[in-house]
Amino acid sequence: MKLVKLLANLGYGSRKDVAWMFREGRVTDADGEVLYADDKVEHARIRLDGEPLDPPTGLVLMLHKPLGVTCSRKDPGRVVYDLLPSRYRMREPALSTVGRLDRDTSGLLLLTDDGALLHRIISPRAEVAKVYEATLADDLRGDEAALFASGTLLLESETTPLAPATLDVLGPRHARLTLHEGRYHQVRRMFAATGNRVETLQRVAIGALALDALAPGEWRALEADDVARIFAGAR
Ligand code: URA
């Protein structure tokens, strides 16, 4: 791909903006040789103002989504894209969230520009585990684990029962729930079906990829072994 298109696709500016960067000699190779718009050079060797470029297409990010931000692109309030460098919104192919977390849910959110990978992660057939920790308004009754594991729980206004899910009790009002599907407000609706209410909800892992030490609002690009961890134990 010609460099002018590559930089524009990475969101550094319109083709016109990027063409100016070349005219100004701001794009060089790793040895400081000025590069031209029509050149084709290995991504890792390109520098803009002396800095390496953002990662190429095939990018996967993990973000600790804080409370109060939405996964939508258009929401008038704070959105997850506000937590990333502004040019990441302009990338082509676009960076999409892998599923969504509610505004009032925090925790591990993946973003990628790789459509096939996105579908592999969210497809119920792949059975990638999504692990949540919830605090509840009322004490657990004691029968929730059996109900969630049964594969028969039907949420209000749905016609297909939920796939079996695993509940680990962490305290009287504190539980870890592992799901292999992602229906609308699923965790909140599951506990609502038991007469309880979720007070706080955090996604702590996807597959064997854990939220780790990322503070709310922090993010990092995933390496191939991180991506492999998403599918550890999946089909
Ligand atoms: N379940 C929910 O209820 N909310 C989320 O954000 C994710 C899963």
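Residues numbered from 1 in each chain as written. Predicted model: local features only at pLDDT ≥ 70, side-chain atom pairs only at ≥ 80, totals over all residues. Heavy atoms only, no water.

What to know about the overall build of the protein
We count it as follows: The numbering of helices and of strands both runs from the N terminus, where a helix is a DSSP run of H or I of at least 4 residues and a strand a run of E of at least 2. Only protein chains enter the accessibility calculation, which uses a 1.4 Å probe; a residue is then buried when its area is under 20% of its type maximum, exposed when over 50%, and partly exposed in between. Any pair of residues with heavy atoms lying within 4.5 Å of one another is described as a contacting pair. In short, Shrake-Rupley with a 1.4 Å probe defines the accessible areas, and a residue's cover is counted only from the protein chains shown. The charge count includes Lys and Arg as positive and Asp and Glu as negative, but it does not include His or the ends of the chains. In plain terms, the charge of a residue is placed at NZ if it is Lys, CZ if Arg, CG if Asp and CD if Glu.
Of regular secondary structure, the protein possesses six helices and 12 strands. Taken along its principal axes, the extent of the C-alpha atoms in the protein is 70 × 35 × 35 Å. Residue burial in the protein is summarised as follows: out of 235 residues, 44% are buried. Of the contacts made within the protein by residues no fewer than 6 positions apart, 60% connect residues no fewer than 24 positions apart. Summing over all exposed atoms, the protein offers an accessible surface of approximately 12,100 Å²; the carbon and sulfur share of this is 51%. Positive and negative side-chain charges of the protein, numbering 32 and 34 respectively, have mean locations separated by a distance of 5 Å.

Observations regarding the UniProt feature "domain: Pseudouridine synthase RsuA/RluA-like" (unreviewed entry) in the protein
The test is simple: UniProt positions are given in the numbering used here, feature names are shortened, and annotations may be inferred rather than shown by experiment.
UniProt feature "domain: Pseudouridine synthase RsuA/RluA-like" (unreviewed entry): in the numbering of this structure it lies at residues 60-193. Across residues 60-193, the secondary structure splits into 16% helix and 26% strand, with the terminal C-alpha atoms separated by 35 Å.

Comments concerning the site of the ligand
Just so we agree on the cut-off: Near residues are defined by distance, with any heavy atom within 4 Å of the molecule or strand qualifying the residue. A 3.5 Å cut-off defines polar contacts: any pair of N or O atoms within that distance qualifies, except that in protein one atom must be a possible hydrogen donor and the other a possible acceptor, and neighbouring residues in sequence count only when both atoms are side-chain atoms. Residues are grouped as follows: nonpolar covers Ala, Val, Leu, Ile, Met, Phe, Trp, Tyr, Cys and Pro; charged covers Asp, Glu, Lys and Arg; every other residue, Gly included, is treated as polar. Note that the domain bounds were set by an automatic or database domain assignment.
Taken together, the neighbourhood of the ligand is formed by Leu101, Asp102, Thr105, Tyr132, His185, Gln186, Val187, Arg188 and Leu201. Aspartate 102 has a polar side-chain atom sitting 2.8 Å from a nitrogen atom of the ligand. Within the contact set of the ligand, an oxygen atom lies 3.0 Å away from a side-chain nitrogen or oxygen of threonine 105. In isolation the ligand exposes 230 Å². Once the protein is present, 96% of that is buried. Looking at the shell around the ligand, the element that brings in the most residues is helix H5 (residues 186-192), giving three residues. Across the shell around the ligand, the residue classes tally to four nonpolar, three polar and two charged. Composition of the shell around the ligand by domain shows at least three residues from each of domain 2 (60-124 + 209-230) and domain 3 (130-206).

Let's talk about the sheet that holds strand S3 (residues 51-52)
Sheets are built from strands that pair by backbone hydrogen bonding, the pairs being arranged parallel or antiparallel. Put simply, the rule reads: Criterion used throughout: strands pair if DSSP finds at least two bridges between them.
One open sheet holds the three strands; their spatial order is S1-S2-S3, and the pairing between them is antiparallel. Each having just a single partner strand, strand S1 (27-29) and S3 make up the two edges of the open sheet. Pairing of S1 with strand S2 (residues 46-48), which is carried by three bridges, proceeds in the antiparallel orientation. Considered in S2, the bridge of threonine 28 is made with arginine 47.

Here we look at unusual backbone geometry
Residues glutamate 92 and proline 93 are joined by a peptide bond in cis, for which omega reads 0°. Here proline 93 is to be found in the loop between strand S4 (60-65) and strand S5 (96-97). For aspartate 212, which is not a glycine, the phi torsion comes out positive at approximately 60°. Considering the arrangement of structural elements, one finds aspartate 212 in the loop between strand S11 (209-210) and strand S12 (219-221). Among the residues examined, aspartate 212 registers a relative accessible area of 54% and is labelled exposed.

Looking at the pattern of salt bridges
Here is the rule: Each salt bridge in this description consists of a side-chain nitrogen of Lys or Arg and a carboxyl oxygen of Asp or Glu lying within 4 Å of one another.
A complete count under the given rule lists 19 salt bridges for this structure. Note that glutamate 24 is salt-bridged to arginine 26, the shortest N-O span being 3.7 Å. On the basis of relative accessible area, arginine 26 is assigned to the partly exposed category, the value being 30%. Note that aspartate 49 and arginine 26 form a salt bridge whose closest N and O atoms lie 2.8 Å from each other. Here aspartate 49 is found in the loop between S2 and S3, whereas its partner arginine 26 is found in the loop between helix H2 (15-23) and S1, with 23 residues between them in sequence. Among the charged side chains, a network of salt bridges with common partners joins Glu158, Glu181, Arg183 and Arg189.

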